[in-house]
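Next come the chains, spelled out residue by residue.
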Amino acid sequence: MGSGPSILALKGVSYRWSGRGSFALDVPAFSIATSERVLLLGESGSGKSTLLSLICGTITPHAGSVLLSGTDIASLSAGKRDRFRAEHIGLIFQQFNLLPYATVLDNILLSLRFAPQRRARVAHPQQTAQKLCMDLGLPKDTLTAQAGTLSVGQQQRVAAARALIGAPPLIIADEPTSALDAATQATFLDLLFEQTRNAGSTLLMVSHDARLAPQFDRVVQMADIARTAQAAA
Ligand code: ADP
Ligand code: MG
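The sections below set out a description of the structure shown in this document. (Residues numbered from 1 in each chain as written. Chains lettered and ligands numbered in written order. Predicted model: local features only at pLDDT ≥ 70, side-chain atom pairs only at ≥ 80, totals over all residues. Heavy atoms only, no water.)

**A word on the site of ligand 1**
For step 1, the next point in the chain: All residues in the neighbourhood of ligand 1 are listed as Trp-17, Phe-23, Glu-43, Ser-44, Gly-45, Ser-46, Gly-47, Lys-48, Ser-49, Thr-50 and Gln-230.
For step 2, the next point in the chain: Take Trp-17: an N or O atom from its side chain is 3.3 Å from a nitrogen atom of ligand 1.
For step 3, the next point in the chain: Residue Lys-48 places a side-chain N or O atom 2.8 Å away from an oxygen atom belonging to ligand 1.
For step 4, the next point in the chain: Out of a free accessible area of 560 Å², ligand 1 has 65% covered by protein chains.
For step 5, the next point in the chain: Looking at the shell around ligand 1 element by element, the count peaks at three residues for helix H1 (residues 48-56).
For step 6, the next point in the chain: Class assignment for the residues of the shell around ligand 1 results in two nonpolar, seven polar and two charged. (Near = heavy atom within 4 Å. Polar contact = N/O pair within 3.5 Å; in protein donor to acceptor, adjacent residues only side chain to side chain. Areas by Shrake-Rupley, 256 points an atom, 1.4 Å probe, with all protein chains shown as cover. Helix = DSSP H or I, 4+ residues; strand = E, 2+ residues; numbered from the N terminus. Nonpolar A, V, L, I, M, F, W, Y, C, P; charged D, E, K, R; others polar.)

**Looking at the sheet that holds strand E6 (residues 89-92)**
For step 1, the next point in the chain: Reading across the sheet, the five strands line up as E6-E7-E8-E3-E9 and stay open at both edges, with parallel pairing between neighbours. For this open sheet the edge positions go to E6 and strand E9 (218-221), each flanked by a neighbour on one side alone. Within the sheet, the average angular offset between the axes of one strand and its neighbour, ignoring direction, is 20 degrees.
For step 2, the next point in the chain: Pairing of strand E3 (residues 37-41) with strand E8 (residues 202-207), which is carried by five bridges, proceeds in the parallel orientation. Across the sheet, residue Leu-39 finds its bridge partner in E8, namely Met-205.
For step 3, the next point in the chain: The strands that helix H2 (residues 78-88) touches are E6 and strand E7 (170-174); relative to E6, the one it contacts most, it runs at about 80 degrees.
For step 4, the next point in the chain: Sheet contacts for helix H7 (residues 182-199): E3, E6, E7 and E8; angle to E8, the most-contacted strand, approximately 155 degrees. (Pairing = 2+ DSSP bridges. Axes fitted to C-alpha atoms, helices over the stretch in contact; angles between N-to-C directions. Contact = heavy atoms within 4.5 Å.)

**Things to note about the sheet that holds strand E5 (residues 71-72)**
For step 1, the next point in the chain: In space, the five strands of this open sheet follow the order E5-E4-E1-E2-E10, with antiparallel pairing throughout. At either end of the open sheet lies a strand with only one pairing partner, and these are E5 and strand E10 (227-230).
For step 2, the next point in the chain: By the bridge criterion, nine bridges tie strand E1 (residues 6-16) to strand E2 (residues 23-33) in an arrangement that is antiparallel. Its bridge partner lying in E2, Ser-6 is registered against Ala-33.
For step 3, the next point in the chain: Along the sheet face, H1 touches E1, E2 and strand E4 (63-68) and points at about 120 degrees away from the line of E1.

**Some details on the packing of aromatic side chains**
For step 1, the next point in the chain: A complete count under the given rule lists two aromatic pairs for this structure.
For step 2, the next point in the chain: Measuring from centroid to centroid gives 5.2 Å for Tyr-15 and Trp-17, while their planes differ by 85 degrees, and the two rings are edge-to-face.
For step 3, the next point in the chain: Here the aromatic rings of Phe-193 and Phe-216 are separated by 5.1 Å at their centres, their planes lie at 85 degrees, and the arrangement is edge-to-face. A residue pair is termed long-range when its members are at least 10 positions apart, and Phe-193 in helix H7 and Phe-216 in the loop between E8 and E9 qualify at 23 residues.
For step 4, the next point in the chain: With a relative accessible area of 6%, Phe-193 lands in the buried category.
For step 5, the next point in the chain: Looking at Arg-37, its charged tip hangs above the ring of Phe-193, at a distance of 4.4 Å from the centre. (Phe/Tyr/Trp six-rings, centres within 6.5 Å; stacked < 30°, edge-to-face > 60°. Buried < 20%, exposed > 50% of the residue type's maximum accessible area, 1.4 Å probe, protein only. Lys NZ or Arg CZ within 6 Å of the ring centre and 35° of its normal.)

Okay, here's the thing in C-alpha cells:
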C-alpha cells in the first residue's frame, strides 16, 4: 500500500461478464497512492484488462465503488463518465488504437477534445505535441505523418504521447510493451517513466511479464487482490 493519499480506491467491486464462460471478478480492496508507479502482474486471462476497464469506467461494477480522485465513477451517468475518463485518465493499450489514416498530431490532440480541463493545461497544443514526440524519441517530422505508416515501436510512442498530453492524473497502460522487441521495450519504459514523472502522473501498468518488476515502486499480483471464477462453457 502506498503512503500518500489515494488517487484510486476500489472497494467491494464485483463484475461478471455475461454470456459464454461468464468470467467473474471480485476485488475486495485495491488502492493506489498519488504519484505511485504500480505494476499489476497476472497471467493471461486473469482479468487484468477487465479490472482496467472497471477503473476506466468503460464497464461498471455490479457492486462496489471505484473512486478516482474522490469521485465514484460507477455512480456517474454514461456521458459524465466518458468526460470524467477523458479528463482524468491517459490510456495506452496493447494494440495502440491510433487512427491509422489520421496524422500523428490529430491522434495526439484527440485526447484533449473532450477534456476541457486537460486542454486548458496545454497553452500551445501543437508545440506541446511536438515536444512530447521529440522527448519520446520520435523523428522531427512525425507530427504530420499518417499514424498507420509508422513502425510498431513508433506508434506505441505516439500512443504514449496521446496518453500524456495535458498531464492527466492517472496513466493506465495495458501490456503496452508486449508488441515491442526487448530493446525497444526497455527504451519505451524509460521514456514512459520519465514522462509520467514530468507530468506528475500516477502510473498503473498491467503485464504478464514479471521481469519488469524492479522498475516499479510497487508490484501487485492479481491473485493477491482479486478472486476470479469462470463458469464451465
Ligand atoms: P487478461 O487481461 O488478464 O488477459 P481479461 O480481463 O481480458 O484478462 O479476460 C478475463 C476473462 O474475462 C476472459 O477469459 C473472458 O472469459 C472474459 N472476458 C473478457 N472480455 C470479455 C468480453 N468483452 N465479453 C465476455 N467475456 C469477456
Ligand atoms: Mg489483457
